[in-house]
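For reference, the chains in residue letters:
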Amino acid sequence: MRATRRTVLLGLASLPLSGCGTNAEAVWASDEAVELARYRAPEAPLLALVTVRNEGTGKGAHSALLINASERVLFDPFGRWTDPAVPERNDVLYGFSPEVEARYLAYQAGGGYYYTRQEKPVPPEVAEQALTLAKARGPVGMAMCTVACADVLRPLPGFSSIGRPWFPEQLSARFAKLPGVTTVERRAGAI
């Protein structure tokens, strides 16, 4: 009886984890839409971690990763922001010009939330590797945004210390410790 009860308890303990990360939605914009929106930035290659936080608690609510490589995209795992001019392919948003980024960030800094944007310059080959990993990731399920961003960052040269945190504020704290990171914080009304 004891072994059976232990088995049942172990099975019950795994239930919340088995449901975590479900509800991933496959979205695939047409080749034409992606080509029309594609944006190549003149700035040097970089990665920028965006962390959305609760105004009251400071706890993280969402993680996303801006990638400036041969094109500028946002990896926005299980993000809910949409824009008719911004095509999406499985959580990768194309055509992420500074103007589009400003609209995205304005959306994030409202309704009781604010964001931090942490930018790190990287060599072109590291930016390209991040872009490839983000595009290959596939749609991300609910409550998995931070893990998905960490999964893109961790294999990159110089990013192994990121690990695989589950909470946005943990990933942000680890990203901040990387050399060369600059951080900007914006609250509603301050954009």
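Keep in mind it's a predicted model, so treat the numbers as computed, not measured. Numbering of residues starts from 1 in every chain and runs along the sequence as written. It should be noted that, the model being predicted, local features are given only for residues of pLDDT at least 70 and side-chain atom pairs only at 80 or more, the latter also being counted only at that level, while totals for whole chains, interfaces and linings use all residues. Water and hydrogen atoms were dropped before computing side-chain values, which therefore reflect all heavy atoms in the structure.

### So, the pattern of salt bridges
The test is simple: Put simply, a salt bridge is a Lys or Arg side-chain nitrogen that is within 4 Å of an Asp or Glu carboxyl oxygen.
Counted under the stated rule, the structure contains 14 salt bridges. Linked through salt bridges whose partners overlap, the residues forming this network are Glu35, Arg38, Glu71 and Lys135.

### Examining unusual backbone geometry
Peptide bonds are, in most cases, trans, and in most cases residues other than glycine have a negative phi. What counts is decided by this rule: Comment: elements are numbered from the N terminus, with helices defined as DSSP H or I runs of at least four residues and strands as E runs of at least two. Between buried and exposed lies partly exposed: a residue is buried under 20% and exposed over 50% of the maximum accessible area for its type, with that area taken using a 1.4 Å probe on protein chains only.
Despite not being glycine, Asn90 has its phi angle at roughly 45°, a positive value. Tracing the sequence through the fold places Asn90 in the loop between strand E4 (88-89) and strand E5 (92-93). Of the residues examined, Asn90 reaches a relative accessible area of 13% and is grouped as buried. Even without glycine at this site, Asp91 takes up a positive phi of about 75°. By secondary structure assignment, the location of Asp91 is in the loop between E4 and E5.

### Observations regarding the packing of aromatic side chains
When we look at a pair of aromatic rings, we describe it by the centre distance and by the angle of the planes. Rules: Aromatic rings from Phe, Tyr and Trp, with only the six-membered ring used for Trp, were paired whenever their centres fell within 6.5 Å, and each pair was classed as stacked if the ring planes differed by under 30 degrees, edge-to-face if by over 60, and tilted otherwise. Whether a charge sits over a ring depends on NZ of Lys or CZ of Arg being within 6 Å of the ring centre and within 35 degrees of the ring normal.
As enumerated under the stated definition, the model contains four aromatic pairs in all. With a centroid separation of 6.0 Å and an interplanar angle of 75°, the aromatic rings of Trp81 and Phe96 are classed as edge-to-face. Here Trp81, found in the loop between strand E3 (72-75) and E4, pairs with Phe96, found in the loop between E5 and helix H3 (98-108); they are 15 residues apart in sequence, far enough to count as distant. As far as the burial class goes, Trp81 and Phe96 line up, both buried. Taking the centre distance of 5.4 Å and the plane angle of 90° together, the rings of Trp81 and Tyr104 count as edge-to-face. Remark: Tyr104 occurs in helix H3 and Trp81 occurs in the loop between E3 and E4; sequence separation between them is 23 residues. For Trp81, a relative accessible area of 8% translates into the label buried. Accessibility expressed as a relative area gives 1% for Tyr104, which makes it buried. Connected via pairs of aromatic rings, a cluster forms that spans Trp81, Phe96 and Tyr104. Sitting over the ring of Phe78, Arg80 keeps its end group 4.2 Å from the ring centre. Just above the ring of Tyr114 sits the side chain of Arg187; from NZ or CZ to the centre is 3.8 Å.

Geometric descriptors of this kind do not, in isolation, establish any biological role.
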